[in-house]
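Structural overview
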Amino acid sequence: MEALDYHAEERRKAEFDVEEMKIVWAGSRQAYEISDRVARLVASDPVFRKDNRTMLSRKDLFKDTLRKAAHAWKRIIELRLSGLFFSCGMFIPAIKGQGNEEQQQKWLPMAYKMQIIGCYAQTELGHGSNVQGLETTATFDPETDEFVIHSPTLTSSKWWPGGLGKVSTHALVYARLITDGQDHGVHGFIVQLRSLDDHLPLPGITVGDIGMKFGSGAYNSMDNGVLRFDHVRIPRDQMLMGVSQVTREGKFMQSDVPRQLVYGTMVYVRQKIVADASCALSRAVCIATRYSAVRRQFGSHNGGPETQVIDYKTQQSRLFPLLASAYAFRFVGEWLKWLYTDVTRRLEANDFSTLPEVHACTAGLKSVTTSATADAIEECRKLCGGHGYLSSSGLPELFAVYVPACTYEGDNVVLLLQVSRFLMKTVSQLGSGKKPVGTIAYMGRSEHLLQCRCEVERAEDWLKPNVILEAFEARAARMSVTCAKNLNNFPNQEEGFAQLATDLAEAAVAHVQLIIVSKFIEKLHQDIPGKGVKRQLEILFNVYALSLLHKHLGDFVASGCITPKQGALANEQLRLLYSQVRPNAIALVDAFNYTDHYLGSVLGRYDGNVYPKLYEEAWKDPLNETVVPDGYHDYIRPILKQHIRVARL
């Protein structure tokens, strides 16, 4: 019997070539074919079953994760899927970026072949974002030619590194380098934690798991760890010596390789985080969109069917901007990949001219995309009503898995303040003749942008990309220039940064949102094949930009570029755009090409067969293994029969 497709009619409405949009989403036909093949291999392999994750105990969940990881590694070898490897976070990228050639030749092959398993031990119990405040020490002993790694305080315990608690054999430990009583700041050291024979911790090392985290499955499948050192000795050559080193005599030296090369690792990691944001957001949006087309509520007349929830304007106004954001984040993530390649090439040629801009871009995009995605996943859960709260919807676990991204690799508020410092420096140099370039080039036209007036007379004028772009540029420039002027009112600039931190963070958000909008426009200028694909991307671009304008209307009006009436016209056009997204909504999420296994959601099933599967999933819960609960005779029956003994005082 052929399976029913409850979304078939929705798919027939599509006004574009879905297969071509899948290629646009993947980035290229080759990327699409590879990802599609891997996804279907995983979905068809029973070892990768994950529908029972939320019902497993912590120990069973962790063991099941190890089983899947081992099986995945086996399949990678069998299928010769080159380029894929397992490693905990930044261990390999950091060695590639900060180790010298000899260290890379020694450690990377072992890590790639899984002969060692590494983690990245930077964050401590007492310090996270403030890396320079780390307390772990690495003191050089010239008599033995060794570093002594030590945790002098409780708060110097390494805390949170993924893979540390139970799995990793080695760690890249960040500690304060001390030679001859002098502190040279934080540096990286490769430290073996466990025996390669029996996996027991080596002498002087205390290591374990930090305990249960938010969510029933989520990061509880990972062994985030705690690590303390009691005068652990390592050879001198296990200090990462790509940018600095300690000689046999104990002299600290900067190497010939510029220290700025370490930024390559940071750019790599943050561009990966932005790519992950579009992935997580698109998963949530796919679930919410498909379920919104299945769910019917109210609106029936004369015994007819109730209205699909997705047809309500309130649902569209909450859902479709998130759909557009998923595409926007995907395209800015593609650009970040290019930026990483470009900055790596420049660094190798000792060209550091773009580093300040690159740092601001990666910091700002990491902050804005992860915050928006975390909020969007929760919004998608609410868009699915009560059923969105069920674990089987896939949304609670997706939220629990994703929300730490707002904190790791840089707290989002701290990162925005770093971006704002770059913006303030840019504004301060405008009169010096130094021309801003790249993503900050618009600042060179700040005099015009502070005076410009938006040429919008009708709602459809907001469909012009140049009109939207100028409005976003004017807003960003005005907010940065205003902050710079206000900073000048403080006798001490650092006091000004502290007092104006909220305004500065908002100026940074405006700048980053401008980057995303501009990169979406650049995508539209590319050669995009496929029937109707470019038209759909144009609609999504306008939804993304105008929904941001609606959300931050006060900032845009305050910039003087647009009037309240023009803001109202933007909202009018946005409502019309939602009607254009509606016939294509299911096809637009189909273009993500996610298997049901990957989504892990009953509500987001490709065939839309939601209600029978929800009912089926309910009976799989361990509580339903017995009709009468285990505690009936001890607790429920005595209450019902009034056989409760009351203690006499």
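Residues numbered from 1 in each chain as written. Predicted model: local features only at pLDDT ≥ 70, side-chain atom pairs only at ≥ 80, totals over all residues. Heavy atoms only, no water.

**Considering the overall build of the protein chain**
- Helices and strands together make up the secondary structure of the protein chain, namely 22 helices and 11 strands.
- Its C-alpha atoms give the protein chain a radius of gyration of 28 Å, within 12% of the compact-globule value 26 Å for 649 residues.
- Expressed as a percentage of its 649 residues, the buried residues of the protein chain come to 49%.
- Residue pairs at least 24 apart in sequence account for 73% of intrachain contacts in the protein chain once pairs closer than 6 positions are excluded. (Helix = DSSP H or I, 4+ residues; strand = E, 2+ residues; numbered from the N terminus. Rg over C-alpha atoms; globule rule 2.2 N^0.38 Å. Buried < 20%, exposed > 50% of the residue type's maximum accessible area, 1.4 Å probe, protein only. Contact = heavy atoms within 4.5 Å.)

**Some thoughts on the packing of aromatic side chains**
- In total, this model carries 17 aromatic pairs according to the counting rule given.
- Ring geometry for Phe329 against Tyr544: centres 6.5 Å apart, planes inclined by 80°, an arrangement best described as edge-to-face. Remark: Tyr544 occurs in helix α16 (residues 533–551) and Phe329 occurs in helix α8 (residues 313–348); sequence separation between them is 215 residues. Comparing Phe329 with Tyr544, the two get one shared label, buried. (Phe/Tyr/Trp six-rings, centres within 6.5 Å; stacked < 30°, edge-to-face > 60°.)

**Regarding the pattern of salt bridges**
- Tallied over the entire structure, the rule returns 42 salt bridges.
- For Asp36, the salt bridge is made with Arg40, and the minimal N-O distance between the two is 2.8 Å. Of this pair, Asp36 and Arg40 both sit in helix α3 (residues 29–43), 4 residues apart, roughly one helical turn.
- Looking at Asp36, the relative accessible area reads 18%, which means it is buried.
- For Arg40, a relative accessible area of 42% puts it in the partly exposed group.
- The closest approach of N and O atoms between Asp342 and Arg345, which form a salt bridge, is 2.5 Å. On the criterion of helical spacing, the pair formed by Asp342 and Arg345 is a turn pair, its members being 3 residues apart in helix α8.
- Take Asp342: its relative accessible area is 10%, and that puts it in the buried class.
- Several salt bridges converge on common partners, so that one network encompasses Asp5, Arg11, Arg290 and Asp590. (Salt bridge = Lys/Arg side-chain N within 4 Å of Asp/Glu carboxyl O.)

**Thoughts on the domain arrangement of the protein chain**
- Taken domain by domain, the protein chain consists of domain 1 (1–44 + 260–435 + 467–643) and domain 2 (101–254).
- Centre-to-centre, using C-alpha coordinates, domain 1 lies 35 Å away from domain 2.
- Contact with domain 1, which involves 10 residues of that partner, is made by 8 residues of domain 2.
- Buried surface at the junction of domain 1 and domain 2, both sides included, amounts to about 680 Å², of which 70% is carbon and sulfur.
- The largest contributions to the domain 1 side of the interface with domain 2 come from Glu397, Ala400 and Val401, which together make up 44% of the buried area. (Domains from an automatic or database assignment. Buried area = accessible area lost by both parts, 1.4 Å probe.)

**Thoughts on helix α21 (residues 610–618)**
- For α21, the complete set of buried residues consists of Val610, Leu614 and Glu617. In a view along the axis of α21, the buried residues occupy a sector of 65°, so they form one face of it.
- Lining the buried residues of α21 we find α7 (263–294). (Arc of directions from axis to C-beta.)

**Brief notes about the side chain of His552**
- Within the element layout of this structure, His552 appears in the loop between α16 and α17 (553–558).
- Apart from residues lying up to four places away in sequence, His552 is in contact with Arg475 and Gln513.

**Looking at the environment of Ile273**
- Turning to its location among the elements, Ile273 is positioned in helix α7.
- Judged by relative accessible area, which is 6%, Ile273 ranks as buried.
- On a C-alpha basis, the gap between Ile273 and Val131 in space is 20 Å, while along the polypeptide they are 142 residues apart.
- Apart from the residues within four sequence positions on either side, Ile273 is in contact with Lys366, Thr370, Tyr408 and Glu409.

**Some points on the pairing of strand β6 (residues 182–192)**
- Sheet topology places strand β5 (residues 170–179) next to β6; 9 bridges connect them, and they run antiparallel. Across the sheet, residue His170 finds its bridge partner in β6, namely Gln192.
- In this antiparallel pair of consecutive strands, β5 and β6, the connection spans 2 residues, and Asp180 shows a positive phi of 50°. (Pairing = 2+ DSSP bridges.)

**Considerations on the sheet that holds strand β7 (residues 205–209)**
- With antiparallel pairing, 3 strands are arranged side by side in an open sheet as β4-β8-β7. Edge positions in the sheet fall to β4 (158–159) and β7, since each has one partner strand and no second.
- Pairing analysis gives 2 bridges linking β4 to strand β8 (residues 225–229), with the strands arranged antiparallel. Bridging from a neighbouring strand, Trp159 pairs with Val226 of β8.

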